[in-house]
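Survey of secondary and tertiary structure
The residues making up each chain are set out below.
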Amino acid sequence: MFLEVSDVTGGYDKAIIIDSISINVEKGEFVSIIGPNGSGKSTLMKTIVGFLKPFDGTISFKNRRVEGKSANKIAKLGIGYVPQLNNVFRALTVQENLEMGAYLPSKDRYSYSELYDLFPGIKGRDSEKASNLSGGERQMLALARAMVNKPELLCLDEPTAALAPKLVREILKKLIEIRDSGTTILLVEQNAKQSLKISDRGYVLAIGKKVHEGPSKELLNSPKIQEHYLGIKKVSVID
Ligand SMILES: Nc1ncnc2c1ncn2[C@@H]1O[C@H](COP(=O)(O)OP(=O)(O)O)[C@@H](O)[C@H]1O
Ligand SMILES: [Mg+2]
């Protein structure tokens, strides 16, 4: 298995936020994690990428145990991460932001010109301060920064939050493109419906527990999921 999270319990200090969660991702897959606000999606993601140590359970990436390893070490094994908050350095330029993300020798990562070609929205903006970018451009920069080391697995935490619908579509289209070029994707999304539409499989979290899992199509078509997690109201039949 490519990424295997088994019975992971974790949180902050002693507070258990995610409770015995198991998820897995196969190489080449596009997997979504959805669930209401506060259900533990970001906590799970931070635990996978090494910003939080799990209290219990195991996490394996390419058959190597990684739970408890530093975020730095986990990144070097081939996991890219776009955090939900503060995912660019606003006081630095676009180019400096990309340089901050690049820690592999240049032969093992994308060159900056390759990255600007991959993310045309930030092309030509290299000496611009990140604080001058629009919300959509900043998310593209965060994505570019996470891609610089050619990660095998890209983990994204709500990359479309607070963006206008057109920009949401643009970011999601970019993710499909990244997946199609061979990068495995694990996506946490608030835009649950759109996320399920473009992913292979999905997991649903609620109050720190995994409550559903399955092919994205099945989740999208399930009346129970539609009603509780996708904001689609059941049509009541009055006789
Ligand atoms: N740094 C933190 N310290 C303590 N509790 C936190 C922290 N961050 C989040 N929490 C709590 O963890 C729970 C889940 O949060 P989070 O994982 O961010 O959910 P989601 O990403 O699904 O919205 C919430 O109840 C939140 O208050
Ligand atoms: Mg979150």
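Sequence order sets the numbering: in each chain, residues are counted from 1 along the sequence as written. By the order in which they are written, chains take letters starting at A while ligands take numbers starting at 1. Residues qualify for local features only when their pLDDT is at least 70, as the model is predicted, and side-chain atom pairs are given and counted only at 80 or more; totals for whole chains, interfaces and linings, by contrast, use all residues. Hydrogens and water are ignored here; the side-chain numbers use all heavy atoms of the structure.

Observations regarding the pattern of salt bridges
For this document, the term salt bridge refers to a Lys or Arg side-chain nitrogen within 4 Å of an Asp or Glu carboxyl oxygen. Scanning the entire structure with this criterion turns up 13 salt bridges. For D200, the salt bridge identified is with R179, shortest N-O distance 2.8 Å. Separated by 21 residues along the polypeptide, D200 in the loop between α7 (192-198) and β9 (201-206) and R179 in helix α6 (residues 165-180) bring together distant segments of the chain. Take D200: its relative accessible area is 32%, and that puts it in the partly exposed class. Among the ionic contacts, a cluster of salt bridges with common partners joins K27, K62 and E152. We count a stretch as a helix when DSSP gives it H or I for four or more residues in a row; a strand needs E for two or more, and each element gets its number in order from the N terminus. In this scheme, a residue with accessible area under 20% of its type's maximum is buried, one over 50% is exposed, and one in between is partly exposed, where area comes from a 1.4 Å probe on protein chains only.

Observations concerning the sheet that holds strand β5 (residues 64-65)
Ordered by their spatial adjacency, four strands build an open sheet running β2-β1-β4-β5, and the pairing between neighbours is antiparallel. Where the open sheet ends on each side, the last strands, each with one partner, are β2 (15-25) and β5. Should DSSP find at least two bridges between two strands, the strands are taken to pair. Bridge count between strand β1 (residues 3-12) and β2: seven bridges; the pairing is antiparallel. Counterpart to E4 in the pairing with β2 is N24.

Looking at the site of ligand 1
The cutoff for a nearby residue is simple: one of its non-hydrogen atoms must lie within 4 Å of the molecule or strand. In the vicinity of ligand 1, the contacting residues are Y12, I17, P36, N37, G38, S39, G40, K41, S42 and T43. Side-chain atoms alone can form a polar contact between residues adjacent in sequence; in general such a contact is a pair of N or O atoms within 3.5 Å, and within protein one must be able to donate a hydrogen while the other accepts it. Separating a nitrogen atom of ligand 1 from a side-chain N or O atom of Y12 is a distance of 3.4 Å. Residue G38 places a main-chain N or O atom 2.7 Å away from an oxygen atom belonging to ligand 1. With residues, only the protein chains shown are counted as cover, and all accessible areas are computed by Shrake-Rupley using a 1.4 Å probe. For ligand 1, the accessible surface in isolation is 560 Å², of which the surrounding protein chains cover 58%. With three residues, the top contributor of residues to the shell around ligand 1 is helix α1 (residues 41-48). Considering only residue class, the shell around ligand 1 consists of three nonpolar, six polar and one charged. Under the scheme applied here, ten amino acids are nonpolar (Ala, Val, Leu, Ile, Met, Phe, Trp, Tyr, Cys and Pro), four are charged (Asp, Glu, Lys and Arg), and all others, including Gly, are polar.

Quick word on the environment of V188
Topologically, V188 is positioned in strand β8 (residues 184-188). Each C-alpha atom, one on V188 and one on S6, is 18 Å from the other, the two residues being 182 residues apart in sequence. Ignoring any residue separated from it by four or fewer positions in sequence, one finds V188 in contact with I33, K41, M45, L156, D157, E158 and P159. Any two residues whose heavy atoms approach within 4.5 Å are treated as being in contact.

Things to note about helix α5 (residues 135-147)
A helix's residues, less one, multiplied by 1.5 Å, set its expected span. Here α5 contains 13 residues, and its C-alpha end-to-end distance of 19 Å stays within 8% of the 18 Å for a straight helix at 1.5 Å per residue. On its buried face, α5 sits against β6 (79-82), α3 (94-101), α4 (112-118), β7 (153-157) and α6.

Side note on the packing of aromatic side chains
Stacked, edge-to-face and tilted labels apply to pairs of Phe, Tyr and Trp rings (six-membered ring for Trp) whose centres lie within 6.5 Å, assigned for plane angles under 30 degrees, over 60, and everything in between, in that order. Throughout the structure, instances matching the rule amount to two aromatic pairs. An angle of 65 degrees between the planes, with centres 5.0 Å apart, marks the rings of F2 and F61 as edge-to-face. You can see F2 sitting in the segment before β1 and its partner F61 sitting in strand β4 (residues 56-61), a full 59 residues away along the chain. As far as the burial class goes, F2 and F61 line up, both buried. The ring of Y110 has K150 lying over it, and the distance from NZ or CZ to the ring centre is 5.1 Å. Sitting over a ring, as applied to charges here, requires NZ of Lys or CZ of Arg to be within 6 Å of the ring centre and within 35 degrees of the ring normal. Sitting above the plane of the F119 ring, K174 keeps its charged end 5.4 Å from the centroid.

Digging into the coordination of the magnesium ion (ligand 2)
Excluding water, the donors of a metal are its N, O and S neighbours within 2.8 Å, or within 3.2 Å for Na, K and Ca, and that exclusion means sites may look incomplete. Coordination of the magnesium ion (ligand 2) by the protein comes from S42 (OG) and Q84 (OE1), over a distance range of 2.1 to 2.3 Å. In this pair, S42 is assigned in helix α1 and Q84 in the loop between β6 and α3, connecting sequence segments 42 residues apart. What makes Q84 partly exposed here is its relative accessible area of 29%.

Details of unusual backbone geometry
Negative phi values dominate among residues other than glycine, just as trans dominates among peptide bonds. Positive phi, close to 65 degrees, is recorded for A162, a residue that is not glycine. Here A162 lies in the loop between β7 and α6. The class for A162 is exposed, based on a relative accessible area of 87%. Although it is not a glycine, I207 adopts a positive phi angle of roughly 45 degrees. With respect to the secondary-structure elements, I207 resides in the loop between β9 and β10 (209-215). Since its relative accessible area comes to 80%, I207 is described here as exposed.

A few points about the environment of L3
Here L3 lies in strand β1. When the C-alpha atoms of L3 and K27 are compared, they prove to be 8.1 Å apart, with 24 residues separating the residues in sequence. Ignoring anything within four residues of it in the chain, the contact list for L3 reads I23, N24, V25, I48, I59, S60, F61, L153 and L186.

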